Amino acid sequence: MAGDTLAQKIIARAAGLTHVAVGDDVTVRVDLLMAHDGSGPRRWRPRMEALGAPLWDPDKVVLVTDHYVPAEDQVAADILQETRDFARDYGVQKFFDMEGICHAILPEKGLLKPGMFVAGGDSHTTMGGAYACYAAGFGATDTTGIAITGETWTTVPETILVQLNGQLNFAVTAKDIMLRLCRELGMDNSFKVIEYTGSGVANMAMAERTVLSNMAAELGAETGLIGVDGVTIDALAATGVDTAGAEAWASDADAQYSKCFTLGASGLEPQIAAPHSPVNSDDIGHFIGTQVDQCYIGACVGAKLTDLHMAAAVLRGRQVAPGTRLVVAPSTAFTMQAALADGTLRILEDAGATFLPSGCGACAGFGGRALGDGDVCLSTTNRNFKGRMGHANSRVYLGSAYAAAAAAVTGEITDPRDFLDANRTAA
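All of these numbers come straight from a predicted model, not from anything done at the bench. (Residues numbered from 1 in each chain as written. Predicted model: local features only at pLDDT ≥ 70, side-chain atom pairs only at ≥ 80, totals over all residues. Heavy atoms only, no water.)

What to know about the pairing of strand 4 (residues 94–97)
Item 1. Both strand 3 (residues 61–65) and strand 4 contribute to a ladder of four bridges, which runs parallel. The partner of Leu-63 across the bridge, within strand 4, is Phe-95.
Item 2. Once the chain exits strand 3 it traverses helix 3 (residues 74–89) before rejoining the sheet at strand 4, and the crossover so formed is right-handed. (Pairing = 2+ DSSP bridges. Helix = DSSP H or I, 4+ residues; strand = E, 2+ residues; numbered from the N terminus. Right-handed = clockwise from strand over helix to strand, strands pointing away.)

Next comes the structure, spelled out in structure tokens:
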């Protein structure tokens, strides 16, 4: 019998079985249920009260306010209050109020451990796959059921293996990899798992790996997994997670995959995705000179500390172009504090950036700096669907933090390597 993929191993453990085969329908025990202010309590409470059902295990539930912060109107304020009231009334201790984006909060707080089955009320829950967790997004009805029972069902998915070979070129990032993969693999990989491997992944820092797992959602996948190695263990240990036995959470050498796709890292250029889909990606050279009104460095996938460092490497000693707005929303309050302590925020501020509180904000069209009619934005967010970041007639291009910072300086899409030399890095 062939070996098991990482997805099979995690699902089998959650189902209390020694082995599951692709295509099996199984009931699994959920190790962690996460929801944010837009997806959780406001959906769960009416159903739970109608059923007279309690929360199955408050200690295994994580609530985060991130979508409606700061409250820009009474509706948003009421949603935030509903979330706070639910956490209080149902005894949820893992409640993080206005501390950052849920997907970044989970690993930052040491709540992810390899082998866990994580259900989240958001499509980008997949970000937890970088820590060898089967982390997947579920709709409000499913998460209500999980909140009551602690269980859900799943069909064991096929796995697509993405092998990244070689070393990324200077100023080329995991975001560029994912934009290229969106173009190559498309967004219709439903009921599949994406697993990332190869020397390019082995040499990648954890912050960059989370981009690969996060944007598995843009590929349409159930989740995006990376097997445990030394990088994983070091990242987990840094947040106080017990890593005993963690090395077991990787695919077997003879595991079977539905498809294998190889991408050479050394040949990859910085990528840009044109409106209105991440699929519309190509080398940045095809977009040079496209004028932009706003550059946004934000979102779970694009405003980590490493992203702020990338932007600072471009912006140091430079100014945002007249008529162009540079908006920065660090992914978590901890990231904000770290960037303040190491001088990164000062570099961005001196260049002319304005800041939003940590949260989803403009990525999902909430909070300040939503795009207006006709606005063109270069954003570090994970998707650029029509109207997502504001007006339906706005246009959003996607790129790395390097690319967003470079566009802010010139007022148009510009190759960030024009502002960097090979002897200077972003961190």
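Now that the structure is up, let's keep going.
Here we look at helix 5 (residues 140–149)
Item 1. For helix 5, every residue scored as buried is listed here: Thr-143, Thr-144, Ile-146 and Ala-147. Seen from one end, helix 5 has its buried residues packed into an arc of 165 degrees, which puts them on one side.
Item 2. Looking at the packing, one finds that the buried side of helix 5 touches strand 2 (32–36), helix 2 (41–51), strand 5 (117–120) and strand 7 (151–155). (Buried < 20%, exposed > 50% of the residue type's maximum accessible area, 1.4 Å probe, protein only. Arc of directions from axis to C-beta. Contact = heavy atoms within 4.5 Å.)

Focus on unusual backbone geometry
Item 1. Across the junction of Val-69 and Pro-70, the peptide omega takes the value -15 degrees, indicating a cis bond.
Item 2. With omega at 0 degrees, the peptide bond leading from Pro-275 into His-276 counts as cis.
Item 3. Not every positive phi belongs to a glycine, and Met-98 is a case in point at roughly 60 degrees.
Item 4. Residue placement: Met-98 occurs in the loop between strand 4 and helix 4 (102–108).
Item 5. If you check the backbone angles, Ala-132 has positive phi at about 60 degrees while not being a glycine.
Item 6. Take Ala-132: its relative accessible area is 0%, and that puts it in the buried class.

Here's the deal with the sheet that holds strand 11 (residues 259–264)
Item 1. Spatial strand order, 10-9-8-11: four strands in an open sheet with parallel pairing. Sheet topology places strand 10 (223–225) and strand 11 at the edges, where each strand pairs with a single neighbour. The mean angle between the axes of side-by-side strands here comes to 25 degrees, regardless of whether they run parallel or antiparallel.
Item 2. Where strand 8 (residues 158–165) lies against strand 11, six bridges are found, and the strand directions are parallel. Bridge pairing in strand 11 places Gln-163 opposite Thr-262. (Axes fitted to C-alpha atoms, helices over the stretch in contact; angles between N-to-C directions.)

Some details on the sheet that holds strand 4
Item 1. An order of 4-3-2-5-6 is seen for the five strands of this open sheet, with the pairing classed as parallel. The open sheet has two free edges, formed respectively by strand 4 and strand 6 (134–137), since each of these has just one partner strand. Taken over all neighbouring pairs, the strand axes of this sheet differ in orientation by 15 degrees on average, direction set aside.
Item 2. Pairing of strand 5 with strand 6 involves four bridges; the strand directions are parallel. Looking across to strand 6, one finds that Ala-119 is bridged to Ala-136.
Item 3. Contacting strand 5 and strand 6, helix 1 (residues 6–15) crosses the sheet at an angle of about 90 degrees to strand 5.
Item 4. Against the sheet, helix 3 engages strand 3 and strand 4, with an angle of about 155 degrees to strand 3.

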